[in-house]
Each structure stands twice: as structure tokens, then as C-alpha cells.
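# Close look at the chain arrangement
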Amino acid sequence: MSNTQSILTLRDVSYTIEGQLILSSIHCEIYPQEFITVIGPNGAGKSTLLKHLNRWIPHQTGTITLHQKSLRAYSPKAIAKEIAYVPQTYAGTLSFTVEEFVSMGRYAHLDPLRSVGKSDITAIYPILETTHLIPFRKRILKTLSGGERQRVFIAAALAQQAQLVLLDEPTSFLDPKHRIEIYQLLKTINETQKTTLIIVTHDLNFALQFSDRTMALKSGQILKFDKPDYLTADSALSAIFDAPFDIINSAQNTRSAIIPRYYVPETKN
Amino acid sequence: MTTGGILAAAGVAFQALFRNPLATPYTLGVSSGAAFGAALTIKLGITMSLMGISGVSLGAFSGALLVVLIIYSFTQIRNDFSTSTMLLAGVAMSIFFSSLILLLQFLADFTQTVQIVRWLMGSLAVIGYQPLVSILPLGLIGLITLFWLRMDMNMMLMGEELAASRGVHVNRTKLLIFLSVSLMTSAVVSVCGPIGFIGLIIPHAVRRFVGIDHFILLPSSILVGAIFLALSDTLARMMIAPTEIPVGVITALVGGPFFLWILLRKDLEM
């Protein structure tokens, strides 16, 4: 990958709030079509890092370049055409229909004097199809389940037609079936649309099995940013999370699973 | 009718900006500033007029502008356009100026006090043709700006962070909404007094029927606001004719129960 040009480059990016160091001298490069996961304990700076990448938080020190041009030099619409974002929690109104919400993802591509019209709704049909939302297109967000809503948020981000999509814990509130559905959807997008993904997650097995590279953040610093195999190495995870883990290997040693080690306290005789 | 339309549109915009169903065009203290300006002019007995606009109106407009300026510089000093800061600053301004009005009433003689109270009720009675012409430019500029921002207002309903990630220039949008709403509200209030409830109930009532898309919501609210105020005014003139009840009393009397009825039927949704 080192011979291709990076999409995003971070050099010495630090962020301090109220005297508290949240990100400390972050250096990294993101390449086209990479499937990247970001793991780390709560408070490690994962969400803050994502918010730096879409400039919701303007960087205080260091440089962030998008396509070899400083992120500061982009207009809000220009950034939106390159980077889309799926937040951890949605705080907005749930009164939109699926069609409305997804087509509003095209804001950056619209003429400011026009409204979202019929042509914009047809433009999002392929996206509704990939995200299996066609049957839900007239429904109001309020009436959808958590898994369906998450697909809508991803679809809206895809409607932005950005090369890079940032997702902040897209599966934290989902049951196993819907979780896997989202993982497979993300993989499909990554492969067929050549979209670069940066996904903050607490699901270590997902990171292990799906990512091209996994970034381990702790106390605002990158501990490691490499192929996810390192997660199965002895004590790699306990160094990141300060907790013990077991690695289980399948019979043919083709797949590994990570489980946190815990003890059930004996309360009965 | 112009007044009703402007107040309703202003309410729509502020409810989108603050994402708060209780926001009205008066939320940031514009009406209190105007009322103070009017009360001060009455107390000082200034009777000069300019281009057919009465001294009281001019005083009210200056008072409203003063509040807009204070809130604006406040956000600039803090370098922060957070909506909760603005809301709290607005509440503080309202309380401050209301107290000043009470002080003025205490100091004023009886006729002046009656005049001040009458003004606070909001009335269309004294409106001639001339004041209307003078508020029209500000009103139009404000309405055009809001209509131009209709898509941004839709986007703001997703929450500021998500709107920004979709390419909305969030701070510019907020500043423009704040300025256009404040200026057109100041213009209206200075001529008609603080006619209540229209900016609060019309947007909610209309949203109930046409949905949350500002492309439809804005013009419908303007229309319904205009009709509602015209009807209220007619009622105000007829109820105990030939005496004309201040129209602000009617809008609140009709508006209050009507609003409760809307609340009964569905939750407030933004």
C-alpha cells in the first residue's frame, strides 16, 4: 500500500481540553479502500479522533491533510463530498421518512436554490437497495427498530457519495443478527464501492476478522496500527485494555476468537 | 396580516434553530427590549415622529436592536454560538428588561402607566398605512433569507454535528437565522407591540398538518399566521364594539386553549 497515495495523513495531531490531553501526537496515514477499525478502552480518544477527521473538532496542533491538501482549506460542502460520518448516537428528530432522511444526505451535491426533489429520491434508490431499505422507504424513522435505523444512517452517509466513511460504534446497540448484517453491509460497501472505512468499535472479533488494519488507541496515543493479527498475540490485548483475554483457535487454526476472561463468583454451595 | 405571517415564520425558524418546541420569536428577549424602549419613550414623553412612524415605535425598535446587539456581541465574545448559551442569555435579557419596565411604571404617572400597559398588550389599532410600509423591507429581507435557508433548517433538525458532516455551514446558518428573525421581529414588535402566541402556536399547528419540511412549512405558516391574526383582529374589533380589545389579548385567549387541544392530540414533535 505504501506506493499508493494516502487519502488522509495526520502529523503530530494533539488535542487538549480543559488541561486534559485527549489525543497525543497522532501520526498515521489512511489509504484508499482500506477497512480500518479503531479499538481501545473508553476515553482513549477514539470518538475524538473521528471528530477531528470530519473537522467537527478543528485540530489544534499538527496537520491533517485530505488528498494532500490541508483539511482547514476545505469548505464544509467540499469536506462532505469526501468524508461521510455515522455518529454513535443520533440526537435529531425522528419525524423524517427513510426516503427524506437518506436523500438529505445529498445536501452537499445540491444546488442551494433547489429543494430535494424527485430526481434526488431516484438517485438514492441504488443505495436503498444495497442497504435493504426499499420496503421501509416510506416509513418514519420513529417506527423503525434499532437495526433498521442504523441501516438508514449508513444509507444516508452513503448518499453523500464520499470516498471515506467514518462510523462511530455502528453496532453497539444491536443484537447479534443485526450486528452481522451491518458488518456484511460494510464489507460489501468496502469491496463494491471501493469506499474507505474507519470504524470505531468495541467488537474485537469484528476487528480481527474484517479489518485490513486495526488501530489500538490508549490514553490518546496509538499503541499499534497494523494488520489485526497482532490482537491474537500474547498479552497484546491486555496491554491495551488492562484486562485479561483468552484467544480460542478453531480446530484447523484458520480462525481465532477473542473472549474476555471472567470469573463467575460462587454464591451457592 | 403581514405581522402575523412574519411572526409565524420567525417562530418556525427559531424552533428549528434551537430544536426546542418552546422557542418563539421573543425567546431571545427582543420583545422585552422593544417594550423597554417603548416604555422609556412614553415615560420621557417623546412625541417626535419620523416618516410617519411614531416616537414610541422608534423607541421600541431601538430597544429591540439593543437586545439583538447585546446577544450578538455576547456570542462573539464567548466565540461560541451554542444554542443553549443563546437561550439562557435571552432569558436573562428578558428578565432584566422586564424589571426595568416595572421600574419605569413605578416612576411613571398614571396616564403614562396606562399607556405602557396598553402597548404591552399588543395592538393593531393605531396602524396606519405608513408604519406598515416602513417595516415591510426588513420583513421581506428576513423572509427571503429564511426561505433561502429552508434546506439548511431541515438539515439542522438532524442535530448540528450530523448537519455539519453533511456539509451544512452550521455557524453561518445559525447567525443568519438569528439576525433575520431578530430584525424582522424587532420591526413588527416596534409597530404592533408584543403580540403573543402566534410565533409559538402557528408553527406547531401547521407542522401537525404539513410535516416538518421547511419548504412547505415556511410558506404555510406565513399564510396561516396572517389569516389567524386577521381573524383575531376582526374579533377584537367586534366583540365589544365600538371598543377595540387589544389583539394580543385575543390571540392569547384563543391561542392558549387551541394549543392545549393540539397537545392533547399528539406529542410535540420537532
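The text that follows walks through the structure, step by step, so that each part is easy to find. No experiment lies behind these values; they were computed from the predicted model shown.

Regarding its fold elements, chain B presents 12 helices and zero strands. When the elements of chain B are put in sequence order from the N terminus, they spell out α-α-α-α-α-α-α-α-α-α-α-α. When burial is assessed residue by residue, chain B has 56% of its 270 residues classed as buried. Of the accessible surface of chain B, which amounts to about 11700 Å², a share of 73% is contributed by carbon and sulfur atoms.

All names here are of chain A. Along the chain, E169 falls in the loop between β7 (164–168) and α7 (176–192). Look at E169: it is buried, it has no salt bridge, and the nearest opposite charge is K46 at 5.2 Å. Once residues lying within four places of it in the same chain are set aside, the contact partners of E169 are Q88, V200, T201 and H202.

This part takes up the nonpolar core. Counting residues in hydrophobic clusters, the biggest one holds 143 residues, and the most contacted among them are F96, V98, F101, I154, L186 and I198 of chain A. The dominant element in this core, judged by the number of residues it contributes, is helix α1 (residues 2–18) of chain B, at 11 residues. Excluding residues within four positions of it along the chain, V98 of chain A makes contact with L128, L133, F136, R137, R139, L141, L144 and V152 of chain A. The next biggest cluster of nonpolar side chains, apart from the first, holds 11 residues, and it includes I39, A216, Y230 and I258 of chain A.

Contact with chain A, which involves 31 residues of that partner, is made by 23 residues of chain B. Carbon and sulfur atoms make up 60% of the area that chain A and chain B hide from each other, which totals about 2200 Å². For chain A, the biggest contributors to the area lost against chain B are W56, M104 and Y107 of chain A; these three give 28% of the whole. One can count one salt bridge joining chain A with chain B. Of the charged contacts, one joins E161 of chain B and K51 of chain A as a salt bridge, the two residues approaching to 2.9 Å between their closest N and O atoms. At the surface where chain A touches chain B, the tally comes to six residue pairs in polar contact (both at pLDDT 80 or more). Those elements that place two or more of their residues in the side of chain A that touches chain B are α2 (76–82), β6 (83–86) and α6 (146–159) of chain A. The dominant element in the side of chain A that touches chain B, judged by the number of residues it contributes, is α2 of chain A, at three residues. Across the side of chain A that touches chain B, the residue classes tally to 19 nonpolar, seven polar and five charged.

Here we come to the pattern of salt bridges. Under the counting rule described, the total for this entry stands at 10 salt bridges over all chains. The salt bridge involving D246 of chain A is made with R261 of chain A; its shortest N-O contact spans 3.0 Å. Taken together, the residues D246 of chain A in strand β11 (residues 245–249) and R261 of chain A in the segment after β12 (256–260) connect sequence positions 15 residues apart. With a relative accessible area of 37%, R261 of chain A lands in the partly exposed category. A salt bridge links E160 of chain B to K174 of chain B; its shortest N-O distance comes to 3.1 Å. One end of the pair, E160 of chain B, is in helix α8 (residues 160–165); the other, K174 of chain B, is in helix α9 (residues 170–192), with 14 residues separating them in the sequence. For E160 of chain B, a relative accessible area of 25% corresponds to the partly exposed category. Members of the salt-bridge network, linked through shared partners, are E99, R137 and K138 of chain A.

Scoring rules and cut-offs
Within each chain, residues carry numbers counting from 1 in the order of the written sequence. To label them, take the chains in the order written and letter them from A, then take the ligands in the order written and number them from 1. Under the rules for a predicted model, residues below a pLDDT of 70 receive no local features and side-chain atom pairs below 80 are neither given nor counted, while totals for whole chains, interfaces and linings still include all residues. Side-chain measures here rest on the full set of heavy atoms in the structure, leaving out hydrogens and waters. Note on conventions: DSSP H or I runs of at least 4 residues are helices, E runs of at least 2 residues are strands, and numbering of each starts at the N terminus. Per-residue accessibility, obtained with a 1.4 Å probe over protein chains only, is compared with the maximum for each type, and a residue is labelled buried under 20%, exposed over 50%, and partly exposed between these values. Accessible surface area values rest on a Shrake-Rupley calculation with a 1.4 Å probe, where residue burial reflects the displayed protein chains alone. Neither His nor the chain ends is counted toward charge; the positive residues are Lys and Arg and the negative residues Asp and Glu. What makes a salt bridge here is a side-chain nitrogen of Lys or Arg within 4 Å of a carboxyl oxygen of Asp or Glu, nothing more. The criterion used for residue contact is that any of the two residues' heavy atoms lie within 4.5 Å. To define a nonpolar core, start from buried Ala, Val, Leu, Ile, Met, Phe, Trp, Tyr and Cys residues and group those joined through side-chain atoms within 4.5 Å. Accessible area that two parts lose when put together, evaluated with a 1.4 Å probe and summed over both, is termed the buried area. For the purposes of these results, a polar contact is taken to be a pair of N or O atoms within 3.5 Å, where, inside protein, one atom must be able to donate a hydrogen and its partner to accept one; residues adjacent in sequence count only when each atom of the pair is a side-chain atom. Polar here means any residue other than Ala, Val, Leu, Ile, Met, Phe, Trp, Tyr, Cys and Pro, which are nonpolar, and Asp, Glu, Lys and Arg, which are charged; Gly is therefore polar.

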